[in-house]
Amino acid sequence: DVYKRQGTMFGFIMEMEGVDFKGALDILARQAGVDLSIYKTSAGSTQSAKRKERVYEALELATKFYQIQFSQYRPAAEYILKKRGYTKQTALLFRIGYAPESGTALTGFLKKQGFTQDDIKAAGLGTQRREFSDMFRGRIMFPLADQQGRVIGFTARIMHDDPNAPKYINTPQTIVYDKSRHVFGLHLAKEAIRKSGYAVVVEGNLDVIASHQAGVRQVVATAGTAMTDMHLKTLGRFTPDIRLAFDQDGAGINATERAIPLASKTGVTLKIIDIPGGKDPDELIAKDPAAWEKALESGQYAPDWLIGQYQKRLDLSSAVGKRQFSDVLLKVIRNLTDRVEQDHYLTKMAELIDVSVEALRDKLRSAPTADRPVTLKRPAAQPALDRYQAEKLKAQNHLLALAFLSTDIRSFLEPLTADMLSDDQGRTLLAFLQTHPDYKATDARPAPPKEVSDFVKMLLLLYEELYQGLEIMELRHEAARLQARLVEYFVKTKKSELAAQMGDADTAQTEVLLRQVKELDTLLHNAKKGAN
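Because the structure is a prediction, the values reported are computed rather than measured.

A full pass over the atoms with the stated rule returns 2 cavities of 30 Å³ or more. Lining the largest cavity are P303, L306, I307, L329, V332, I333, L336 and Y345. At the level of secondary structure, the elements contributing two or more residues to the lining of the largest cavity comprise α15 (302–313) and α16 (319–334). The class makeup of the residues in the lining of the largest cavity is 8 nonpolar, no polar and no charged.

Here is the structure:
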């Protein structure tokens, strides 16, 4: 702040690039050709800086390699220029490329340029399968860049949709890429954000590209709908007015619920854009770019938008509807940092469902555990599970996260029974998924039972943290392993129970118990066989 007030070149860079003083110093040093690492006192930090620079070099070279491959592989060019409708200028602006099918095309090229296997792996460009090979193969490559335009990773998309393969694969977390911080397209959008006074956040990178091509450039994207406080802080350096243009489905509503308290904490104003006709942004842009631009101007303040969505979905004249309405919205209001704003929405809710404001305040103060925001970490106040229980619960939740997000994994739930799981929430969701094997997480109906809605949100976060971007074969292998672990835990418990019963059993009862033990052994053998 001192540098900004003094009107120095540091202040200018901090203002224009949306960075702190250290970031401004780094930018100016690079432009002047000065290596700041030589002034660092720690040998470890100097080594880390050099390793980062090596990763940046590998990623930049990989981007150029993919661009050359794109220009030479006709199906890739046709997909981008004809099917997606992007111009050559747009493809060049976003540095779109293509990763060859060959398993070692990029890694072989980088090794010839002097990069080691460790360099390539550190950049997220190679992986160890049977042998060390390219991370991305046979996909359109979209470089991910930081605020200064340096490539930090990639999003890779298949050209022909395949139900057995993930549509997108992202670079894993590296020393330069963190999806909880990265905002796609910000290096190209920051000037337009400053001029317009607001930033628009969409779900997909392709939505960003389509919008930029249509001349609306204050548009960026995060990794799906997973907004974090770091995303909002980054955008907040350029504007306090953030507008979300997510799909108007269950996932979009859940994302808004999660984002509202984050926005309140970071001090930005969050608005929601209703896309005409419920279309995706790229659909609307392709059909009517002017309608897209007009839609962006009419954002509604997020809490008001959320109230409107639940007004449409619930019967507010019934006791059940009033309870559900207050359950959902009080979770959001509880996390607003401004008391005046809290009071405003309590009064508004009381009018809508025809109850007293004091009744809502009592419910707000009671803060039942089920209404508190769900996090991946277990609250310290809860009793600690023993190691066996914790491992069993971990295997259960990881498998349910995979099965909930991927119908291809759903078959691994078939041999499971309710008594194999650790808690009622897991059992309820298992029953739902077994009853609705074709259910997709984006479907509005059927929907999982409301009592597991927070549990489902936790599973969504778990999936994004651990599994997003993995190949389907890797997901299937992981699901088979988790299924085997759950069966193993179940068999171990049941065998202990049967052994205790055998002490007081007669001959006939013992034979029955031994048959049950044999059935358990067969169950475990089949599960382990599937995992190998």
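So, on to the packing of α15 against helix α17 (residues 339–353). If you want to describe how two helices pack, look at the angle between their axes and the distance between the axes. The N-to-C vectors of α15 and α17 enclose an angle of 15°; their axes lie 12 Å apart at closest approach. In terms of axis orientation, α15 runs roughly parallel to α17. Where α15 crosses over α17, the two elements pack in a sense that is right-handed. Two secondary-structure elements touch here, α15 through P303, D304, I307 and Q311 and α17 through Y345, K348 and L352.

Evaluated as defined, the whole model comprises 8 aromatic pairs. Pairing F65 with F109 gives two aromatic rings, centres 5.0 Å apart and planes at 25°, and the pair type is stacked. Within this pair, whereas F65 is found in helix α4 (residues 43–72), its partner F109 is found in helix α7 (residues 105–112), the two being separated by 44 residues in sequence. A relative accessible area of 11% means that F65 is categorised as buried. A relative accessible area of 25% places F109 in the partly exposed class. Considering the side-chain rings of F404 and Y439, the 5.7 Å spacing of their centres and the 50° angle between planes classify their relative orientation as tilted. Linking F404 in helix α19 (residues 387–405) with Y439 in the loop between α20 (424–435) and α21 (453–466), this pair joins segments that are 35 residues apart in sequence. Each member of the pair, F404 as well as Y439, is classed as buried. Among the aromatic side chains, those forming a connected cluster through ring pairs are F65, Y66, F109, F136 and F154. Over the ring of F115 we find R54; its NZ or CZ atom is 4.0 Å from the centre of that ring.

With that out of the way, let us pick up the pattern of salt bridges. Taken as a whole and assessed by the stated rule, the structure comprises 25 salt bridges. The salt bridge partner of R54 is E57, with a shortest N-O separation of 3.2 Å. With R54 and E57 both in helix α4 and 3 residues apart, this pair spans about one turn of that helix. Sharing partners across several salt bridges, the network here consists of D343, E358, R361, D362 and R365.

Glancing now at the pairing of strand β9 (residues 241–245). Burial analysis of β9 places 5 of its 5 residues in the buried class, the great majority of the element. Of the two faces of β9, the one lined by D241, R243 and A245 and the one lined by I242 and L244 are each fully buried. By the bridge criterion, 4 bridges tie strand β7 (residues 199–202) to β9 in an arrangement that is parallel. Bridge pairing in β9 places V201 opposite L244. In this sheet, strand β10 (residues 269–272) lies alongside β9 in parallel orientation, the contact comprising 4 bridges. The partner of R243 across the bridge, within β10, is K271.

Turning our eyes to something else, we now look at the sheet that holds β9. Here 5 strands make up an open sheet; going across it, the order is β8-β7-β9-β10-β11 and the pairing mixed. Sheet topology places β8 (219–221) and β11 (300–301) at the edges, where each strand pairs with a single neighbour. Relative to β11, β10 runs antiparallel, the two sharing 2 bridges. In the sheet register, I272 faces β11, and the bridge partner there is Q300.

For α15, built from 12 residues, the straight-helix expectation of 16 Å at 1.5 Å per residue is met to within 8% by its first-to-last C-alpha distance of 17 Å. Residues A302, P303, D304, W305, L306, I307, Q309 and Y310 constitute the buried set of α15.

Strands belonging to one sheet form pairs held by backbone hydrogen bonds; the direction of such a pair is parallel or antiparallel. Strand order in the open sheet made by the 4 strands is β1-β4-β5-β6, with antiparallel pairing throughout. Because the sheet does not close on itself, it has two edges, and the strands there are β1 (97–99) and β6 (168–170). Sheet twist, expressed as the average angle between the axes of neighbouring strands with direction ignored, equals 35°. Bridge count between β1 and strand β4 (residues 139–145): 3 bridges; the pairing is antiparallel. Note that in β4 the partner of G97 across the bridge is M141. Contacts between helix α10 (residues 205–213) and the sheet are confined to β4, β5 (151–157) and β6, with β4 contributing the most and set at about 80° to the helix.

Definitions and limits used
Residues numbered from 1 in each chain as written. Predicted model: local features only at pLDDT ≥ 70, side-chain atom pairs only at ≥ 80, totals over all residues. Heavy atoms only, no water. 1 Å grid on protein atoms, 1.4 Å probe; cavity = no way out; pocket = protein on both sides within 12 Å on 5 of 7 lines; lining within 4 Å. Points joined across faces, edges and corners; volume = space filled by probe spheres on them. Helix = DSSP H or I, 4+ residues; strand = E, 2+ residues; numbered from the N terminus. Nonpolar A, V, L, I, M, F, W, Y, C, P; charged D, E, K, R; others polar. Axes fitted to C-alpha atoms, helices over the stretch in contact; angles between N-to-C directions. Parallel < 35°, antiparallel > 145°, perpendicular 65-115°, else oblique. Left-handed = near helix turned anticlockwise from the far one by under 90°. Contact = heavy atoms within 4.5 Å. Phe/Tyr/Trp six-rings, centres within 6.5 Å; stacked < 30°, edge-to-face > 60°. Buried < 20%, exposed > 50% of the residue type's maximum accessible area, 1.4 Å probe, protein only. Lys NZ or Arg CZ within 6 Å of the ring centre and 35° of its normal. Salt bridge = Lys/Arg side-chain N within 4 Å of Asp/Glu carboxyl O. Pairing = 2+ DSSP bridges. Expected span 1.5 Å × (residues − 1).

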